[in-house]
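# Survey of secondary and tertiary structure
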Amino acid sequence: MKLKKLKKKVALEVLKFIPKNIIIGVGTGSTISYFIDFLKTIRNKIIGAVSSSIKTTENLKKNGIKIFELNKINNLPLYIDSADEINRNMDMIKGGGAALTKEKIIASAAKKFICIIDETKEVKILGKFPLPVEVLPMSYKYVKKKLEKLGGIVKKRNKIITENNNYILDISNLYINNPFDLENKINNIPGVISVGIFSQRKPDVLLVSKINKVKVIFRKNEK
């Protein structure tokens, strides 16, 4: 089955997990774009959405879904996003689209986080996908030197300014055997806004699109 079909398959399946009359958080990426296309079919059953990026906002508005600011709502029951990589413990790498900071904020604010992926995103060890780090422009050379000590190859992403007016540093060839500790270590470097490891806030539910089915995995203690 082609990758596009796998993405569409899981994007459609997750609609079953959305309760009525709630505001949902919506992530960013190609799989999420398909999800938004399907979300319009139930747009009258939800109140609206909190968006993680300008691109997602435009897509939601195009499909007739009302946008809410996170600061103006009292609670967020559900966040739906995808991943660039995810391991068996549901530690993730996100940020290929440079929206990692807003994605992490909304995921952390949500009561439940559902991640939807195709099977190619499953890995044993994180790090094959370059790990993005959002940094303040004035600090990127300093942060780059600090990140290089962790291993891997650190490069500034060319011609990319985030929606928060910051730079992205990508770390490639990194073997991440302890995502939780690495997330903390990078976050503690002065000048770092956010790192694309999602280990402190893992998804509660993972939907994986495979050739014959969509596999549903619940994180431990999650029903």
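Further up the page is the structure itself.
In what follows, the accompanying structure is described. (Residues numbered from 1 in each chain as written. Predicted model: local features only at pLDDT ≥ 70, side-chain atom pairs only at ≥ 80, totals over all residues. Heavy atoms only, no water.)

## Some thoughts on the overall build of the chain
- Along its length, the chain carries six helices and 13 strands.
- In terms of overall dimensions, the chain is globule-like: its C-alpha atoms have a radius of gyration of 17 Å, near the 17 Å expected for 223 residues.
- Here the C-alpha coordinates of the chain stretch approximately 50 × 40 × 35 Å along the principal axes.
- Here the chain displays about 11600 Å² of accessible surface, and carbon together with sulfur accounts for 50% of that area. (Helix = DSSP H or I, 4+ residues; strand = E, 2+ residues; numbered from the N terminus. Rg over C-alpha atoms; globule rule 2.2 N^0.38 Å. Areas by Shrake-Rupley, 256 points an atom, 1.4 Å probe, with all protein chains shown as cover.)

## Comments concerning the environment of Lys40
- Within the secondary structure, Lys40 sits in the loop between helix 2 (30–39) and strand 2 (48–51).
- Between the C-alpha atom of Lys40 and that of Lys62, which follows or precedes it by 22 residues, the distance is 9.3 Å.

## Brief notes about the sheet that holds strand 10 (residues 192–195)
- On the basis of which strands lie adjacent, the open sheet formed by four strands has the order 8-9-7-10 and antiparallel pairing. Each edge of the open sheet carries a strand with a single partner, namely strand 8 (153–156) and strand 10. Across the sheet, the mean angle separating the axes of adjacent strands is 25° when strand polarity is ignored.
- Relative to strand 9 (residues 167–172), strand 8 runs antiparallel, the two being bridged by four bridges. (Pairing = 2+ DSSP bridges. Axes fitted to C-alpha atoms, helices over the stretch in contact; angles between N-to-C directions.)

## Comments concerning the pairing of strand 12 (residues 205–209)
- Along strand 12, five of the five residues are buried, which leaves the element largely enclosed by surrounding structure.
- Here strand 6 (residues 110–118) runs beside strand 12; their pairing, made up of five bridges, is parallel. Looking at strand 12, one finds that Asp118 is bridged to Ser209.
- As judged from the five bridges shared by strand 12 and strand 13 (residues 214–218), these two strands associate in the antiparallel manner. (Buried < 20%, exposed > 50% of the residue type's maximum accessible area, 1.4 Å probe, protein only.)

## What to know about the packing of helix 1 (residues 3–13) against helix 2
- At a minimum axis separation of 8 Å, helix 1 and helix 2 run at an interaxial angle of 50°. The orientation of helix 1 with respect to helix 2, classified from their angle, is oblique. Where helix 1 crosses over helix 2, the two elements pack in a sense that is right-handed. Where helix 1 approaches helix 2, its residues Lys4, Lys7, Lys8, Val10, Ala11 and Leu12 are matched on the opposing element by Ser30, Thr31, Tyr34, Phe35 and Phe38.
- Its residues assigned to classes, the contact of helix 1 with helix 2 shows six nonpolar, two polar and three charged. (Parallel < 35°, antiparallel > 145°, perpendicular 65-115°, else oblique. Left-handed = near helix turned anticlockwise from the far one by under 90°. Contact = heavy atoms within 4.5 Å. Nonpolar A, V, L, I, M, F, W, Y, C, P; charged D, E, K, R; others polar.)

## Some remarks on the sheet that holds strand 13
- One open sheet accounts for six strands, arranged 2-1-3-6-12-13; its pairing is mixed. Each edge of the open sheet carries a strand with a single partner, namely strand 2 and strand 13. Here the average twist between neighbouring strands, direction ignored, is 20°.
- Helix-sheet contacts for helix 3 (residues 54–62) involve strand 1 (23–26) and strand 2, and the interaxial angle to strand 2 is about 165°.

## Looking at the side chain of Asn63
- As for its placement among the helices and strands, Asn63 is situated in the loop between helix 3 and strand 3 (76–81).
- Here Asn63 falls in the buried class, since its relative accessible area comes to 5%.
- Setting aside residues up to four positions removed in sequence, Asn63 forms contacts with Ile36, Asp37, Lys40 and Arg43.

## A word on the pattern of salt bridges
- All told, the structure shown has 13 salt bridges when counted by the stated rule.
- Note that Glu103 and Lys94 form a salt bridge whose closest N and O atoms lie 3.5 Å from each other. Neither Glu103 nor Lys94 differs from the other in exposure class; each is buried.
- Connected through shared salt-bridge partners, Asp81, Lys94 and Glu103 make up one network. (Salt bridge = Lys/Arg side-chain N within 4 Å of Asp/Glu carboxyl O.)

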